[in-house]
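# Topology and contacts: notes
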Amino acid sequence: MIIGIDDTDSRKGMCTTYLCAVLVDELKKYGFGEVSTPGLVRLNPCVPFKTRGNGAVSFEIEISVEKERKEKEVKEVVKARVSELSELSEEETNPGVVFIDDRALNVIGGEKRENDSEEMLKNFYENAVREVLTIEDAYELISNLHFDYFGLKNKRGIIGALAAASFLVLQKSKPNYYDFTYELMAYRRKERWGTSRFIDEASVWKADKATYPITWDTVDRGEEKIVFAPHSPCPVLFGIRGDSVDAIYKAYEFIHAEPVERKMLFVTNQGTDFHLIKLEDAKETLQDYHSYILDGMVSSNPQTIEGGHVVFSISLSEKVSGSIECIAYEPTKGFRAIIRKLRVGDEITVFGSLKKKTLNLEKIEIRELNPVTERNPKCEKCGRTMKSAGRLQGYRCKRCGTYSADKDKVIVDRGIEEGLYEVPPVARRHISKPLVRMRMRMEGVNKEIHPSR
Ligand code: ATP
């Protein structure tokens, strides 16, 4: 049976991954059956209902004897823990649980493939990462596939729960279909929740040094900050993200910190960029709350606005024409220095989420720099720079009276290379792919990749 869970936490406490870890440990302890490495999926990072990283969890329990009775008991344990541990007093916490029991799984995995159920789950998972769904969308699929579910309050969590369960179904039937990574989460003892975390920073830098880039986003070198621990009152002490389980456990061994109540390894879609919609898959009009990869040409030079944010426009090529504003927010720190170097005429690809018709940048590829810049012309006689003779009236040398209708075009050194650039770890979303992963995986081998580190 595969079980998906979501929406149990609030900004004031709890974490759905912790609830999952408690359940997995409990079910293992009481010998209900073999429990898989749980899944942690990050869903659409733009949905307004999210608490933090829009995460949802799932795990599989394999029951070999007395299936029906034990499945029933497991469901009761899950419902009890979700009811007991969820932050129900918070308005925005609306827990949901989805059970895909063995009968349903056999239909999905078997020859019959009624209504191509696996395809339906695949679509639901992908839409939960890229689109905005309704609770009715989840109910419809749950009812079509005869799944059991449980929810509290408005039960919105069943969207994430069904998506997380679908992810595991697909991982099981097509293990390498989706890119995936791992995160090892360490949890605090209950009496410490809400207090400041004790983590020996030097040990974290050592852990990073010994295992980067197979582990990533543990520290931010540019900002000299540790980024693997939250600052919220939740039960998470820290999480180590990476591509290899061995490297993650190696990093874990380096870390000196307060005592850990428990730890749990998750297989995740973090660091994969799965939220980004490619142009060929995009609808004709770009939609808010969706994340895209778009090609275009810089059509206005970047400007720093109040708050330190940097904005510029691009004219879009191909399917979606028109222009769009892009923004690198202040928290993206050093990434803004790259953005400020863009100039009108540069051919770029932007990666990010659309909110209020503005693309919030996560990455950028400079495909072709425009080496030509326009300057006021120089006077042929005295060599001084001419001044504008008035709007649309050309340029004139005040001293010699010489005239030129147009600006001079000169080739300049742009002081930046073509290639891919990214926001630093302090500003990175869980689901965004660090460029160092692209480099390790030899993606875009013909492209220059400039990881923030
Ligand atoms: P944390 O990261 O701390 O676990 P969170 O950011 O995951 O918290 P949730 O408390 O899980 O936030 O709330 C997200 C809510 O949004 C859930 O109810 C989930 O079902 C729902 N949701 C997730 N993805 C989508 C989507 N694509 N469309 C509509 N609703 C969604």
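Structure shown above.
The structure displayed is predicted, hence computed values, not measured ones.

## Regarding the overall build of the chain
- Within the chain, the regular secondary structure consists of ten helices and 24 strands.
- Taking the principal axes of its C-alpha atoms as reference, the chain extends roughly 100 × 50 × 40 Å.
- The buried share of the chain, taken over its 453 residues, is 52%.
- Long-range contacts, defined here as pairs at least 24 residues apart, represent 69% of the contacts in the chain between residues at least 6 apart.
- Split by element, the accessible area of the chain, about 21400 Å² in all, is 48% carbon and sulfur.
- Within the chain, the 71 negative side-chain charges are centred at a point lying 6 Å from the centre of the 70 positive side-chain charges.

## As for helix α2 (residues 67-85)
- Spanning 19 residues, α2 covers 27 Å between terminal C-alpha atoms, matching the ideal 27 Å at 1.5 Å per step.
- Those residues of α2 that fall on the buried side of the exposure criterion are K70, E71, V74, K75, V77, V78, V82 and L85. Axial view of α2: buried residues confined to an arc of 160°, hence all on one face. Facing away from the buried side of α2 by more than 90 degrees, the exposed set consists of E68, K72 and E84.

## Re the pattern of salt bridges
- With the rule as written, the count across this model stands at 33 salt bridges.
- Its salt-bridge partner being K333, residue E330 comes within 2.8 Å of it at the nearest N-O pair.
- Residue class for E330 comes out partly exposed when judged on its relative accessible area of 25%.
- The class of K333 is partly exposed, set by a relative accessible area of 26%.
- We note a salt bridge from K447 to E365, for which the minimum N-O separation is 3.5 Å. You can see K447 sitting in the segment after α10 (435-440) and its partner E365 sitting in strand β18 (residues 358-368), a full 82 residues away along the chain.
- Salt bridges linked by common partners bring D179, D243, K433, R437, R441 and E443 together as one network.

## Section: helix α4 (residues 117-130)
- Taking 1.5 Å of rise per residue, 14 residues should cover 20 Å, and α4 covers 20 Å from first to last C-alpha, within 8% of that figure.
- Among the residues of α4, those classed as buried are S117, E118, L121, K122, F124, Y125, E126, A128 and V129.

## What to know about the site of the ligand
- Every one of the 22 residues lining the ligand counts as a neighbour, but D6, D7, R52, N54 and G55 are closest to it.
- Taking R42, its side chain carries an N or O atom lying 3.5 Å from an oxygen atom of the ligand.
- One of the backbone N or O atoms of G160 is found 3.0 Å from an oxygen atom in the ligand.
- Here the ligand, which alone exposes 640 Å², has 98% of that area covered by the protein.
- Considering every element that reaches the shell around the ligand, the biggest residue donor is helix α6 (residues 157-173), with three residues.
- Broken down by class, the residue content of the shell around the ligand amounts to seven nonpolar, seven polar and eight charged.

Cut-offs applied
Residues numbered from 1 in each chain as written. Predicted model: local features only at pLDDT ≥ 70, side-chain atom pairs only at ≥ 80, totals over all residues. Heavy atoms only, no water. Helix = DSSP H or I, 4+ residues; strand = E, 2+ residues; numbered from the N terminus. Buried < 20%, exposed > 50% of the residue type's maximum accessible area, 1.4 Å probe, protein only. Contact = heavy atoms within 4.5 Å. Areas by Shrake-Rupley, 256 points an atom, 1.4 Å probe, with all protein chains shown as cover. Lys, Arg positive; Asp, Glu negative; His and termini not counted. Charge placed at Lys NZ, Arg CZ, Asp CG, Glu CD. Expected span 1.5 Å × (residues − 1). Arc of directions from axis to C-beta. Salt bridge = Lys/Arg side-chain N within 4 Å of Asp/Glu carboxyl O. Near = heavy atom within 4 Å. Polar contact = N/O pair within 3.5 Å; in protein donor to acceptor, adjacent residues only side chain to side chain. Nonpolar A, V, L, I, M, F, W, Y, C, P; charged D, E, K, R; others polar.

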